[in-house]
Protein chains: 2
Amino acid sequence: MTKYILSDRSFRDEFLKQIQKIDSNYQFVLEDDLTNSEDWQNVEITIGWKKSWDEKLLYEKTPLKWVQSISAGVDYLPLDQFRNYNIKLTNSSGVHAQAIADHLLAILFMQNRGFFSAIENQRHAKWEMADNYMNPQDLRILIVGTGKIGQRLASYLNFFENQPIGINTNGRTMEDFKNTFPLHQLEEQATMSDVVINILPLTDDTYHLYNKEFFQNMKDSATFINVGRGPSVDTQALHQALQNNEIAFAAIDVFEQEPLPADHPLWSLKNILITPHISGFTPHFQKKFMAIFFDNFTKFIKEGSLTENEVSLASGY
Amino acid sequence: MTKYILSDRSFRDEFLKQIQKIDSNYQFVLEDDLTNSEDWQNVEITIGWKKSWDEKLLYEKTPLKWVQSISAGVDYLPLDQFRNYNIKLTNSSGVHAQAIADHLLAILFMQNRGFFSAIENQRHAKWEMADNYMNPQDLRILIVGTGKIGQRLASYLNFFENQPIGINTNGRTMEDFKNTFPLHQLEEQATMSDVVINILPLTDDTYHLYNKEFFQNMKDSATFINVGRGPSVDTQALHQALQNNEIAFAAIDVFEQEPLPADHPLWSLKNILITPHISGFTPHFQKKFMAIFFDNFTKFIKEGSLTENEVSLASGY
């Protein structure tokens, strides 16, 4: 009996052939291929997830055994139900690391080289130099989240002779970081930093972690960057901090509400770079993603277990 | 008798003390310190140059022996007269290498990560992804000029797994470059490249090197960057190429006329980044510049010769 791997998006033929090659009992399908309700009973694996699949695949004794998430963050998935019905979950942590680290480096270098003011001046045909330029090594950079993205960024910064400070759950030491501190020391470390970069997953502990008090404690010359999850930031507090120049600049890629509504007050600020949740857009995504999927798929059919990126359904990351 | 080192700008006390320490016969002065015409006859060295000094220091049997330029490019200096009156010239090549390489990296990463369209969309409160994202290694980058700036950029690109192509006078091989070609093969190489970066000095050979035909031969998806000298580019041809989408984008830091006049048509184009000749702005400039000056000064007083960055007054670089 053919089992289905249901995907929320298409992949190139070469990857579908590879699935067949690994185990011809499995077939890659899209939702449109499942024409009757019995077909759903053959779905053992999904790639990605859609809200509408909740009712079709989440029930006592579901055939679904494993969900391979497209993203690194899994906060938007029905984790409790996965746990209840004994469905394994793997994320795609690592696939996006280079893309997001590249995005972050672009922001840091733009800022060091006076690009934000040059771009603003260009709108007004104004020829005017910024008043300070910096080397990467002149900045105290705080990377909040030392997973694969944070590690990749840290390795970049090391090349440019900067040793960042890291924050993670328990303060465990990490290569390429000058120091690491536990999450409860975030505010203390942020107070001393020129750049604070959030890359944390969204959990109960990180919801509105960056609030009014946090921004007030930051240096008024500092920059706040969010490429983690939107709800980790109290958006209203961020707006206020930028408007009152409690911090100098923000570069925000993820928002509590996406798309950010056209009439949102953040759009009208001068001291923010708004990007539309693009930091993780990954060139050669299919290839990188499928490398993780195939490793897991091979292990899954042989041993029923998963090798890479299994998510703890208790902690949510 | 005290000899003068006349500078076109002030430096911090620590550096003036260092001069005294190396040779107390020399004194650092600014133009305002030279109160009578006899004082000018003690000027043996200058740091930088002003047009008004031509008539005061350039004549048969001038006491002036050595000019230490503040910049790497020396095209704006009276080279023929320096040669006639046997005045040595050193430039500050290398001082600006990191700053300019950082500036170039900012442009490349902004482009790879869709920042130019994100910034344009932000003006209109528009949430819209760009349609392609790239890794540095996906680009064929042509670096025209393999001096200290080009070498620094090449070493950056190597770290990001990109091996650039280089152009220099005779095509001599250079570390960190995949290939190098002589200047007469520039057009042929540019035709195949995704990014063309000009870092050449301005000489008779490089005046309007980038003209109408050049831009027409480039890929229409390509980017042209100029951090060398403005007059290497035929500005009108560049404007036309951008307006007609013969090339996709330009990032221009140096112009034939600076400041670029407020009514110049380049300002109104969408597919250009205009920066106000800032790529060379160097953090910790005094320290880096004085390192070159002190090496040369020490050699100069001992042996009358110069160690670092002597400019050939025949070739102009």
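Residues numbered from 1 in each chain as written. Chains lettered and ligands numbered in written order. Predicted model: local features only at pLDDT ≥ 70, side-chain atom pairs only at ≥ 80, totals over all residues. Heavy atoms only, no water.

Here we come to unusual backbone geometry. Here the residue pair Glu-258 of chain A and Pro-259 of chain A is connected by a cis peptide bond, since its omega of -10° sits within 30 degrees of zero. Along the polypeptide, Pro-259 of chain A turns up in the loop between strand E11 (249–252) and strand E12 (272–274). Unlike most non-glycine residues, Asp-176 of chain B shows phi in positive territory, near 75°. Along the chain, the position of Asp-176 of chain B falls in the loop between strand E7 (165–168) and strand E8 (179–182). Taking the relative accessible area as the measure of exposure, Asp-176 of chain B reaches 22% and is therefore partly exposed. (Helix = DSSP H or I, 4+ residues; strand = E, 2+ residues; numbered from the N terminus. Buried < 20%, exposed > 50% of the residue type's maximum accessible area, 1.4 Å probe, protein only.)

Now for the domain arrangement of chain A. All names here are of chain A. One can read the domain layout of chain A as domain 1 (3–94 + 283–303) and domain 2 (97–274). One C-alpha centre belongs to domain 1, the other to domain 2; they are set 34 Å apart. Taken over both partners, the interface formed by domain 1 and domain 2 buries close to 510 Å², and the fraction arising from carbon and sulfur atoms is 47%. In terms of surface lost to domain 2, no three residues of domain 1 exceed Asp-75, Ser-93 and Gly-94, which account for 66% of the buried area on that side. Viewed at the interface, domain 2 and domain 1 are joined by one salt bridge. One can count four residue pairs in polar contact (both at pLDDT 80 or more) joining domain 1 with domain 2. Class assignment of the residues belonging to the side of domain 1 that touches domain 2 gives a composition of two nonpolar, four polar and two charged. (Domains from an automatic or database assignment. Buried area = accessible area lost by both parts, 1.4 Å probe. Salt bridge = Lys/Arg side-chain N within 4 Å of Asp/Glu carboxyl O. Polar contact = N/O pair within 3.5 Å; in protein donor to acceptor, adjacent residues only side chain to side chain. Nonpolar A, V, L, I, M, F, W, Y, C, P; charged D, E, K, R; others polar.)

Residue and element names in this part refer to chain B. One pass over the full model with this rule turns up 46 aromatic pairs over all chains. Centre to centre, the rings of Tyr-210 and Phe-224 are 4.9 Å apart; their planes meet at 55°, and the pair counts as tilted. Pair noted here: Tyr-210 is in the loop between strand E9 (195–198) and helix H9 (212–217) and Phe-224 is in strand E10 (residues 223–226), with a separation of 14 residues, a long-range link. For the pair Tyr-210 and Phe-224, a shared accessibility class is recorded, and that class is buried. (Phe/Tyr/Trp six-rings, centres within 6.5 Å; stacked < 30°, edge-to-face > 60°.)

Before going further, it helps to examine helix H11 (residues 285–303) of chain A. Residue and element names in this part refer to chain A. With 19 residues, H11 ought to run about 27 Å at 1.5 Å a step, and its terminal C-alpha atoms sit 27 Å apart, in line with that. Those residues of H11 lying buried are Phe-285, Gln-286, Phe-289, Met-290, Ile-292, Phe-293, Phe-294, Asn-296, Phe-297 and Phe-300. Its buried side turned inward, H11 meets strand E1 (3–7), helix H1 (13–22), strand E2 (26–30), strand E3 (43–47), strand E4 (66–68) and strand E5 (88–90). A positive phi of about 75° marks Gly-304, the residue just after H11. (Expected span 1.5 Å × (residues − 1). Contact = heavy atoms within 4.5 Å.)

Now for the sheet that holds E3 of chain A. Within a beta sheet, neighbouring strands are joined by backbone hydrogen bonds and run either parallel or antiparallel to one another. Residue and element names in this part refer to chain A. What the five strands build is an open sheet, ordered E2-E1-E3-E4-E5; its pairing is parallel. Taken across any chain shown, the strands that pair with only one partner, and hence form the sheet edges, are E2 and E5. The average angle at which neighbouring strand axes cross in this sheet is 20°, direction not considered. Across four bridges, E1 lies against E3 in parallel orientation. Bridge pairing in E3 places Tyr-4 opposite Val-43. Across the face of the sheet, H1 comes into contact with E1 and E2 while running at roughly 150° to E2. Lying on the sheet, H11 is in contact with E1, E2, E3, E4 and E5; it crosses E4 at an angle near 165°. (Pairing = 2+ DSSP bridges. Axes fitted to C-alpha atoms, helices over the stretch in contact; angles between N-to-C directions.)

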